[in-house]
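Listed here are the chains, written in short residue letters.
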Amino acid sequence: MMKKNKSGLIFTSPFYILFLTFMVYPILFSFYLSFNKWNGVGEMEWVGLANYINLFRDDLVWKSMFNALFFFFTYVPVMLFLALVLAVFLNSNIKGRGFFRAAVYLPNITSLVAVAFTFQLLLDKNYGLLNMFLSYLGISSINWLGTPLGARLSIDMLMIWRWLGYNTIILLAGLQSIPEEMYEAAIIDGASKVQSFFRITVPLMKPVLLFTLVLSTIGTFRMFTEVFILTGGGPANSTLTPVVHLYNTGFNWFKFGYASSITYLIILITLILSMVQMKLLNEKEVKS
Amino acid sequence: MKRLNKFIMYLILTLTVIITILPFIWMISASFKDIREIFSYPPTIIPDDFSFSNYLQLFAEYPFARNIFNSTFIAVTATTGSLFFCTLGGFGFAKFDFKFKNQLFLVLIASMLIPPQSIMIPLFLVFKRIGWVNTFYPLIVPGLANAFGIFFMRQYMTSIPDSLIEAARIDGGSDFYIFLKIIVPIVKPALATLGIIFFMNSWNAFVWPLIILQDIELQTIPVVLTNLQGVIYTPYNLIMAGSVISIIPLFVVFMFMQQYFISGITAGAVKQ
């Protein structure tokens, strides 16, 4: 039986105090700010809806959204496919499973800053390891970080490298929850390995795959450090992400009013995405 | 056929591991090289001219020892404090009944939907107004009682039988005494998992330390590495040495407590 007294409220109150101070208040404040022009020091100047109108005219806003979508549609499918393959391998009867699992997960615990600088060296046009390997295959040196497409693919590579192991572990946990008897029954019915992969594994893994997809969507829209260090958003803003654009607008150009309207756009898009995904997840739960 | 399948599996797994490990090898290798050797062709894996001078230079010319201390201090304080308040909050939601509990819990869940980076501008202005810019407070205080941690602990505690708490209550223990003497010892495995997540997030944090910490003496390792980067010249040899130092602590923790890292990832997923 649960006790009804003040303790529960007292024990949970620190969260609400911090939530009100460091989340609700800033969000409300930035709503007010988004109708003003302000460089952070002088007087605020009321500009009405001008910031929101500028939002629609700002090419960089749309470019950063497009870039986020580009990243999402390029690295996420590749990463989740590879993660599923690795998870299936690791779920089968192989030696050294613990070692492989630990090794692919390692990138995820490392400082992104350290890793992004290392990737700058690996991807260097003249002295990088990747171009050296490619030259062995007869491919002439690619300017990874200096061309728009190259830079975008560089970010993709960094994302896949960093998050592959993480997703593999989630998918592996999902695979381990599929009862062995289902595969045995399929073998008795004469199904091949490939058939049971597509008829048993994939359908039963749908909720878990969807979960990793949700995490990747959120991750893509929050991307900052990867881009900030590896490409700085360039060349020609080809890797600029919404959060990097927000950072630049506020902390490099000191347009705090306009930055507040970008804040609202990002929050709005994130909330819409989250709602769509929660709906998807719930539907899947009902079905499965 | 079966043996061929096995062979292909090991081949793909081994290739993946090589690709995964290669950047680390490259980082370590470059940290022992002279800048001219880093930018020479063909690239060398084992340095021709192996030397510790990058590490020595980093500590001699920059307050890097101080930066390591800052990273450690912030991560340890944030982790310990957050563990305390999140466990307390989780206990409150799991084992007590109070007015508007369901609504309040819904607010807690909903707050996780807002990406923390999206409010960097107004939150920075709040920190500025209360004089927290260039201090450690913004990197410790706002996350002390965070929604994820409370949710995580609540899920874990719902499986603790109420009879345990009732028994202690009959013995006359206050709710906070029950929390310290009964609950905390039971949830130790969850504390380890959550503690690792908190420590990792704080140690590797970049966005807020970058925005908040302006003096080089106060900066954490990731921020100081970024500031080594110049407009014209970037001392990659020093950055790589600093990077190696920055990844060591978590590698060591990972080697000894791997299962807690894994359970931290799967905690959210298996529910689905």
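This is a predicted model, so every value here is computed, not measured.

### Considering the overall build of chain B
Phase 1 of the analysis: Within chain B one finds 15 helices and 1 strand.
Phase 2 of the analysis: Expected size for 272 residues packed as a compact globule is a radius of gyration near 19 Å; at 23 Å, chain B overshoots this value by more than 25%.
Phase 3 of the analysis: Along the three orthogonal principal directions, the C-alpha set of chain B runs to about 75 × 65 × 35 Å.
Phase 4 of the analysis: Residues classed as buried in chain B amount to 40% of the 272 residues present.
Phase 5 of the analysis: By sequence separation, contacts in chain B at least 24 residues apart represent 76% of the contacts at least 6 residues apart.

### Examining the overall build of chain A
Phase 1 of the analysis: Broken down by element type, chain A carries 12 helices and 3 strands.
Phase 2 of the analysis: If one aligns the C-alpha atoms of chain A with their principal axes, the spans along those axes are about 75 × 70 × 30 Å.
Phase 3 of the analysis: Going through the 288 residues of chain A one by one, you find that 39% of them count as buried.
Phase 4 of the analysis: Summarising the internal contacts of chain A: among those between residues at least 6 apart in sequence, 68% fall at separations of at least 24.

### Describing the UniProt feature "domain: ABC transmembrane type-1" (unreviewed entry) in chain A
Phase 1 of the analysis: Taking the UniProt record as the reference, the feature "domain: ABC transmembrane type-1" (unreviewed entry) is found at residues 65–277 of chain A.
Phase 2 of the analysis: Note that residues 65–277 of chain A is 76% helix and 0% strand, and that its end C-alpha atoms are spaced 18 Å apart.

### Some words on the UniProt feature "transmembrane region" (unreviewed entry) in chain A
Residue and element names in this part refer to chain A.
Phase 1 of the analysis: UniProt tags residues 12–35, 68–90, 102–123, 129–151, 208–233 and 253–276 as "transmembrane region" (unreviewed entry).
Phase 2 of the analysis: Helix makes up 68% of residues 102–123 and strand 0%. Its end C-alpha atoms lie 25 Å apart.
Phase 3 of the analysis: The straight-line gap between the two end C-alpha atoms of residues 253–276 is 34 Å; of that span, 88% is helix and 0% is strand.

### Observations concerning helix H9 (residues 193–221) of chain A
Phase 1 of the analysis: Lys206 of chain A marks where H9 of chain A bends most, by close to 55°; the proline Pro207 of chain A follows one to four residues later.
Phase 2 of the analysis: Buried residues of H9 of chain A: Met205, Val208, Phe211, Thr212, Ser216, Thr220 and Phe221 of chain A, and no others.

### Remarks on the interface of chain B and chain A
Phase 1 of the analysis: Between chain B and chain A, the contact holds 73 residues from the first and 76 residues from the second.
Phase 2 of the analysis: With 11 residues, helix H1 (residues 2–31) of chain B is the single largest residue contributor to the side of chain B that touches chain A.
Phase 3 of the analysis: Partitioning the side of chain B that touches chain A into residue classes produces 53 nonpolar, 15 polar and 5 charged.

### Description of the packing of helix H1 (residues 7–33) of chain A against helix H5 (residues 101–111) of chain B
Phase 1 of the analysis: Viewed as axis vectors pointing N to C, H1 of chain A and H5 of chain B meet at an angle of 40°, and their least axial separation amounts to 11 Å. The angle between H1 of chain A and H5 of chain B places the two elements in the oblique class. Classified by chirality, the crossing of H5 of chain B by H1 of chain A is left-handed. From H1 of chain A, Gly8, Thr12, Phe15, Phe19 and Met23 of chain A reach across to H5 of chain B, where they touch Lys101, Leu104, Leu108 and Ser111 of chain B.
Phase 2 of the analysis: Considered class by class, the residues forming the contact of H1 of chain A with H5 of chain B number 5 nonpolar, 3 polar and 1 charged.

### A few points about the domain arrangement of chain B
All names here are of chain B.
Phase 1 of the analysis: When the domains of chain B are assigned, the result is domain 1 (1–51) and domain 2 (58–270).
Phase 2 of the analysis: Each of domain 1 and domain 2 has a C-alpha centre, and the two are 33 Å apart.
Phase 3 of the analysis: Contacts between domain 1 and domain 2 engage 8 residues on the former and 7 residues on the latter.
Phase 4 of the analysis: Going through the elements one at a time, H1 and helix H2 (35–38) are the ones with two or more residues in the side of domain 1 that touches domain 2.
Phase 5 of the analysis: Classifying every residue of the side of domain 1 that touches domain 2 gives 5 nonpolar, 1 polar and 2 charged.

### Overview of unusual backbone geometry
Leaving glycine aside, a negative phi is the common case for residues, and trans is the common case for peptide bonds.
Phase 1 of the analysis: Backbone torsion omega between Gly234 of chain A and Pro235 of chain A reads -10°, so that peptide bond is classified as cis.
Phase 2 of the analysis: Along the chain, Pro235 of chain A falls in the loop between helix H10 (225–230) and helix H11 (242–252).
Phase 3 of the analysis: Of note, the bond from Tyr41 of chain B into Pro42 of chain B is cis; its omega dihedral lies within 30 degrees of zero at -5°.
Phase 4 of the analysis: Structurally, Pro42 of chain B is set in the loop between H2 and helix H3 (53–61).
Phase 5 of the analysis: Even without being glycine, Asn237 of chain A reaches a positive phi, approximately 60°.
Phase 6 of the analysis: Turning to its location among the elements, Asn237 of chain A is positioned in the loop between H10 and H11.
Phase 7 of the analysis: Although it is not a glycine, Phe100 of chain B sits at a positive phi angle of roughly 60°.
Phase 8 of the analysis: Tracing the backbone shows Phe100 of chain B in the loop between strand S1 (96–97) and H5.
Phase 9 of the analysis: A tally of 10 C-beta atoms within 10 Å means that Phe100 of chain B is categorised as exposed.

### Focus on the environment of Ile25 of chain B
Phase 1 of the analysis: Within the secondary structure, Ile25 of chain B is located in helix H1.
Phase 2 of the analysis: Distance in space between the C-alpha atoms of Ile25 of chain B and Ala168 of chain B is 54 Å, their sequence separation being 143 residues.

### So, the environment of Ile187 of chain A
Phase 1 of the analysis: On the secondary structure map, Ile187 of chain A appears in helix H8 (residues 180–188).
Phase 2 of the analysis: Sequence separation between Ile187 of chain A and Leu164 of chain A is 23 residues, and the spatial gap between their C-alpha atoms is 30 Å.

Cut-offs used in this document
- Residues numbered from 1 in each chain as written.
- Chains lettered and ligands numbered in written order.
- Predicted model: local features only at pLDDT ≥ 70, side-chain atom pairs only at ≥ 80, totals over all residues.
- Helix = DSSP H or I, 4+ residues; strand = E, 2+ residues; numbered from the N terminus.
- Rg over C-alpha atoms; globule rule 2.2 N^0.38 Å.
- Buried ≥ 20, exposed ≤ 12 C-beta atoms within 10 Å, placed from the backbone.
- Contact = placed C-beta atoms within 7 Å.
- UniProt positions renumbered as here; feature names shortened; annotations may be inferred.
- Bend = angle between axes of the 7 residues up to and from the residue.
- Nonpolar A, V, L, I, M, F, W, Y, C, P; charged D, E, K, R; others polar.
- Axes fitted to C-alpha atoms, helices over the stretch in contact; angles between N-to-C directions.
- Parallel < 35°, antiparallel > 145°, perpendicular 65-115°, else oblique.
- Left-handed = near helix turned anticlockwise from the far one by under 90°.
- Domains from an automatic or database assignment.

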